[in-house]
Amino acid sequence: MYTGTENPTTAYENEILARLTENWNQRVAVRKARLDLNDYYDTTAPDFPPSMVPFWDDPRFQAIDEADKRRVLAGAWINYNEKTIFIEDKVINPMCSLLLRDALPGVGDSVTKKAIAQTQVDEQFHILMCLEVCNCARHQHRLQDLHIPTPLLEQRMETALSKADNEREFALIRMAYATVAEMTINVFLKRLSQDRSIQPLNRLNTELHRQDEASHAAIFGEIARAVYERLGAGQQAIFRAHLMRAIDDFIELDVGFWRAILDYLAIPERESILHDMAAKRRTNSSLRDYSALVKLLRQIGIHEGSSFVFQ
């Protein structure tokens, strides 16, 4: 069930995945020296870019004291890492487990299964990395009891999974969310890792994550293509529908965390700040790069899509 049992995929697919699996020891964060959190933490630098806080320039928010602004930024960093943990733990690794068990066609050869297993190792290590930097930020900014609410994305995905008619559709829903997650995150990670105004620890930690995810984007692109091409027309239609829903769910603005951090710090006029933020920004589309995903979709003949992706 877990080791390769079917004929290898095409030579093109094997070439890409073989190259990625062979250089795994040299490229992944889990094989590199660990960062010393104390050495890299700069108490004068913000934890998160102010430009990525959707209400940062709101005059009502700018009127609060600088210490609370810094704590909002630290909370935003914690929220980003907790959402990353959710994606690794509840989106990517469950999908990898299904693929290892041959829940979908086209991934049964030994090279693909090795790439899947390596991805699982990477993602588990990313969870550890995120936990460590979250704990550091909580300690530095006295945010130990800040509760991060369940991401809206998780609520959307769980609703879709609960409505699956059978095991195959369940697996296709998981593949849709995992494909979007792995093939669109790189621009967000790049922005964080190249922003030299934020914590050196946070920037370096994100760069290690980004390097791994660049390879994961290629791996999941190959997997999605191999699976899709082996589905029947009906199941291809099911996957397309869930993929477009997943794209919309990823870019939908999630107000939950921003409400939680402003409530936690008792920021004055927070309700009106949040109301105006939601009215002005319906999506987070600028935080993800959909070009690789769009290229994949067109390669496999999917030309319809959400209003955002194909603009």
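Residue numbers here run from 1 along each chain, matching the order of that chain's written sequence. At least 70 in pLDDT is required for a residue's local features to be given in this predicted model, at least 80 for side-chain atom pairs to be given and counted, and no such filter applies to totals for whole chains, interfaces and linings, which use all residues. Values reported for side chains reflect all heavy atoms of the structure, with hydrogen atoms and water molecules removed beforehand.

You'll find the protein chain entered in an unreviewed UniProt entry as Diiron oxygenase, with Chromohalobacter canadensis given as the organism.

Asker: Got a minute to help me understand the pattern of salt bridges in this structure?
Answerer: A side chain of one charge can pair with a side chain of the opposite charge when the charged atoms of the two come close. By salt bridge we mean one thing: a side-chain nitrogen of Lys or Arg within 4 Å of a carboxyl oxygen of Asp or Glu. Inspection of the entire model under this criterion finds 13 salt bridges. Among the salt bridges present, the one from Arg-245 reaches Asp-249, with a minimum N-O distance of 2.8 Å. Residue Arg-245 and its partner Asp-249 are both found in helix α11 (residues 233-251); the two are separated by four residues, about one turn of the helix. When a residue's accessible area, from a 1.4 Å probe over protein chains only, is under 20% of the maximum for its type it is buried; when over 50% it is exposed; and in between it is partly exposed. By relative accessible area, Arg-245 is classed as partly exposed at 41%. The class for Asp-249 is buried, based on a relative accessible area of 3%. What you see here is one network of salt bridges that share partners, running through Asp-58, Arg-60 and Asp-276. Each helix is a run of H or I in the DSSP string that is no shorter than four residues. Each strand is a run of E no shorter than two, and both are numbered from the N terminus.

Asker: Would you explain unusual backbone geometry in this entry?
Answerer: Only a minority of non-glycine residues have a phi that is not negative, and only a minority of peptide bonds are not trans. In this structure, Ala-266 is a non-glycine residue whose phi angle is positive, near 55°. Along the chain, the position of Ala-266 falls in the loop between α12 (256-264) and α13 (270-280). Positioned with a positive phi, Glu-269 is a non-glycine residue whose angle comes to about 60°. With respect to the helices and strands, the residue Glu-269 is situated in the loop between α12 and α13. Note on Glu-269: relative accessible area 51%, which makes it exposed.

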